[in-house]
Amino acid sequence: SIMEAVCCSVEYLSEFSDSQAHPGRIILNRSQIFLCKGCRDVFIFNVQEKKSFIQFEASVMLMELSDDLHRLYVLCENSGLYCTPVPSHPRSSSDNPEPVLHTVSEDSLVLKSPSLQAFTISKKILVTLSRNRSVWSFDLYEETGSKPLGKLTHYQMPTVFTCLNQTDKEKSEDTTPVLTCIYPEGSKQVNTNQPVLHAHLELRLFRLLFGVDASLLNSPVILCGLPDGRIFFFPLLVPTMTGSRGEQRSPIRVLQNLEQPVVFIGTCVSGENGPQCLVALGQKGKLLTVKSKQSSLEKKEADYSFTEHSIQSPILCACVDDKRLYYSSFSELLALQLTAASSSDEEAESPQQVLMSNSLGVSRVTALAGPFSDTTGSIQLLALSSSGRLLRVNVPLESEKGSVSLLPLSLAGQRVKDLLASIGNVWERAQSMKHKLRAKNDSLKRLNQVIYVCSLLLESHANEKESHMAIKHSIRCHGVTRWSSLLQRDSLNLTCTLENSSACTLEYGWTLCIQIHPLFQFPNSSRTYSFPLRKLESGQNVDVTIPIENNDGGGLFLPVRVCCSLTFSLFHLFDAETSPGVSQILKETGSISAPLNSFIVDCLDALRMERSSFCGTVRDGVQSFLRSRGVLAEDADATSKSGLVSVVVKVSSELMKSRLNTPSSSNVGMCVSLLNWLISSDAVGLVSIQSPVVSAYSPDGCSVSIMAREVTLGDFYSEGPLEVLEIRVESSSLAAVCGLHHAILRRLEVLLRNSEVNGHHQKHVKAQSLREAVRHIESLYKDLQGAQNQAALGGTMKTCQISEILLQIFLQLRANPLVIL
């Protein structure tokens, strides 16, 4: 807006203290002025300059006169609404009478509510606005001048969430809602020497904006401007409609949203039939004007237009007359021309139209009243300054043409440069704000994805734990083992494949963590590997390879448990440029870890079909394996001198057929299927097994044989013979036999645990066979106790003899095992 100084005169009518708890209020009523400066007192002045004041129990927030001008309603800080008669001034011959004090007691209290925010009075109806948590409530009472008030009706509408920063939110919460009553009457009481209490609007625009019903019933309309920027309205005298189901329909409608606290609503630009413009003003300088359009040459129905402008802010208070809007930005008091120069200008009006603003040369104004015209024709305003002075501002009349000033060329050029510089600054700030908003939106999207992935994995693990069965996860990691040779050194490598079968994409910031833990106690053998992911979309896989060996590279430590997890660093959620402090904090401590799945790598996974050069690592591997099971390293040679060591595992043929879903076939075919299931060809890189005997090499380089055959036990069941699959492992290495035996039992245990139990396997076992098995185990237990006692007492038995006895006990236990049914 273009600003121009206007010469005006200012008169000091009275002076008060400058301590104000709330914004001041001024009501101009014919021959009286009601003034509140934010304290407990309401001052009253009349044309004879006689003064009186009414003192309330708490600071005054709002005040308004009744329609008959005989009662004053006041809302105080103690949440009480008081109604007191307007005091009359006593006649006095003194030129300077002392102010008369009137005290308001609790008897004048008509309403008491801590949620009461604003009120207005029209047609002897008291309208109050309250806020209860997330609801704005309108209550209508019959204003009779006495209590209790009769409640007429009640309306509600929800609050909205506004994206304001902390400072703007605190300011909006301190802003009082605006309630204005607009009448559909003509231009009477407009453009007179005395102001009116309520605004008026021409009948055509009133009907277009607020409906035919309110126009026909000559019903005033209540307009409400909220701190969140919304402007609502509802007719005061139109009956409430009901829906098809009998529910009451709310008459409240939305007019506009200024997106900033509303500080003023009024009407101006008077024509032949009354004011032709509705004006709403926001705290941050947004001005809304609603005008009716003239009917076209084709005699089409008249319409109205909404136009928004931007003026100097912040806005503290405002008032209007026939042509201008007067408002205070605290630094100065300004007058804004609202009328167009001609009808053609009015038709060409656009949202970017430049309005004329004139500075009146008055500053620090916190409340306005008027304007009204005096006998000379000049316009007068009543203003309250922040220092506590009541001012009368006389604004001289000037023609519309004279209100436009012509600037010199030098000043006009500088003004254009300043405007261009301001536009550039606004553009830069807008670009910076867009960048920050885009960064925050990206951060929210990534955080939403992280939460979704974590919830997906946690839900899968919870379902697996409840069902006690392995469930295929939508995001999982599985591994296969392969031997490789580099520089005449053989090493066992684990290739882990991360499969993303979910609907989300694992973007930058996710890390695949693989931890290797030994199943048996082995110091300093746990290792962790981390692999950052770039972008793993839905349906894609990624492979990583890690070695399986001790930290010192001294050999294998099988079996091991491989635990896979996904870790996300919260540092990647924020842009280091827009949020450097948060990024630095999260870089050190902020991360989220979600478990994937785990699996075990054992000696069966490490078998090889062909022998390779071990380069001194065979002995280290054997010793590491034996140490993991508590066997001394020097006993390794003794165990290898005993010839072939074998162990046997027996399992019911019928049970394995049902578990492996293998159709009935020959004995040899069943044994081959069993060996193919035990020795996964994908894991060790072997071809499909075609024979019931497998010859391979253990991780320590010793040859091993794994045989499967089907045998019949005739005296095991009382009903008849039992078909049993016998799995035999033979090798000259005790470590290899123990490792393979443990691996076979573990896989059988997992197979039985993840399968359903079938009742047709339950048969009666002969008691004689069970008794013989128990006697055999008891005799072995006695031999074990005797060997332990000799070692504890330090007898003549040598250590090698004790080891030999323990080895024989071990072999007998493994040679005659019980049958897995």
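Scoring rules and cut-offs
- Residues numbered from 1 in each chain as written.
- Predicted model: local features only at pLDDT ≥ 70, side-chain atom pairs only at ≥ 80, totals over all residues.
- Heavy atoms only, no water.
- Helix = DSSP H or I, 4+ residues; strand = E, 2+ residues; numbered from the N terminus.
- Buried < 20%, exposed > 50% of the residue type's maximum accessible area, 1.4 Å probe, protein only.
- Polar contact = N/O pair within 3.5 Å; in protein donor to acceptor, adjacent residues only side chain to side chain.
- Axes fitted to C-alpha atoms, helices over the stretch in contact; angles between N-to-C directions.
- Parallel < 35°, antiparallel > 145°, perpendicular 65-115°, else oblique.
- Left-handed = near helix turned anticlockwise from the far one by under 90°.
- Contact = heavy atoms within 4.5 Å.
- Expected span 1.5 Å × (residues − 1).
- Core = buried A, V, L, I, M, F, W, Y, C linked by side-chain atoms within 4.5 Å.
- Domains from an automatic or database assignment.
- Pairing = 2+ DSSP bridges.

As recorded by an unreviewed UniProt entry, the protein chain carries the name FA core complex associated protein 100 and is attributed to Danionella cerebrum.

Tracing the backbone through its elements, the reader meets Thr 481 in strand S32 (residues 475–485). A relative accessible area of 2% places Thr 481 in the buried class. Within the structure, the side chain of Thr 481 is placed 2.6 Å from the backbone oxygen of Asp 605, a separation counted as a polar contact.

Right, let's talk about the packing of helix H9 (residues 653–660) against helix H12 (residues 734–753) for a bit. Helix packing geometry: the angle between the two helix axes and the distance between the axes. Relative to each other, H9 and H12 sit at 65 degrees, their axes nearing to 10 Å. It follows that H9 is roughly perpendicular to H12 by the angle criterion. Read as a crossing pair, H9 and H12 show a hand that is left-handed. For the pair H9 and H12, the contacting residues are Leu 655, Met 656, Arg 659 and Leu 660 in the first and Leu 748, Leu 751 and Leu 752 in the second.

A turn of α-helix holds 3.6 residues, and therefore any two residues three or four places apart point the same way. In this model, H12 (20 residues) spans 28 Å end to end at C-alpha, consistent with the 28 Å of a helix rising 1.5 Å per residue. Buried residues dominate H12, accounting for 14 of its 20 residues.

Attention now goes to the nonpolar core. If you look at the biggest cluster of nonpolar residues, it comprises 73 residues, and the most contacted ones within it are Leu 498, Leu 506, Trp 510, Leu 566, Leu 596, Met 656 and Ile 706. Ranked by residue count, the leading element in this core is H12, at nine residues. When residues of this core are sorted by domain, at least three fall in each of domain 3 (475–601) and domain 4 (642–815). Those residues in contact with Ile 706, other than ones at most four positions away along the chain, are Leu 604, Leu 607, Leu 675, Ile 679, Pro 692, Val 693, Val 694, Ile 727, Arg 728, Val 729 and Leu 740.

The next subject is the sheet that holds S32. Spatially, three strands are ordered S32-S33-S36 in an open sheet, and the strand pairing comes out antiparallel. Looking along the sheet, the strands with just one partner apiece sit at the ends: S32 and strand S36 (541–547). Shown here is a sheet whose adjacent strand axes are inclined to one another by a mean of 25 degrees, direction ignored. Here 11 bridges tie S32 to strand S33 (residues 490–500), and the two strands are oriented antiparallel to one another. Bridge pairing in S33 places His 478 opposite Thr 497.

Here His 741 lies in helix H12. Looking at His 741, the relative accessible area reads 9%, which means it is buried. For the pair His 741 and Arg 728, spaced 13 residues apart in sequence, the C-alpha to C-alpha distance is 9.0 Å. Filtering out sequence-adjacent residues up to four positions away, His 741 remains in contact with Val 647, Val 649 and Arg 814.

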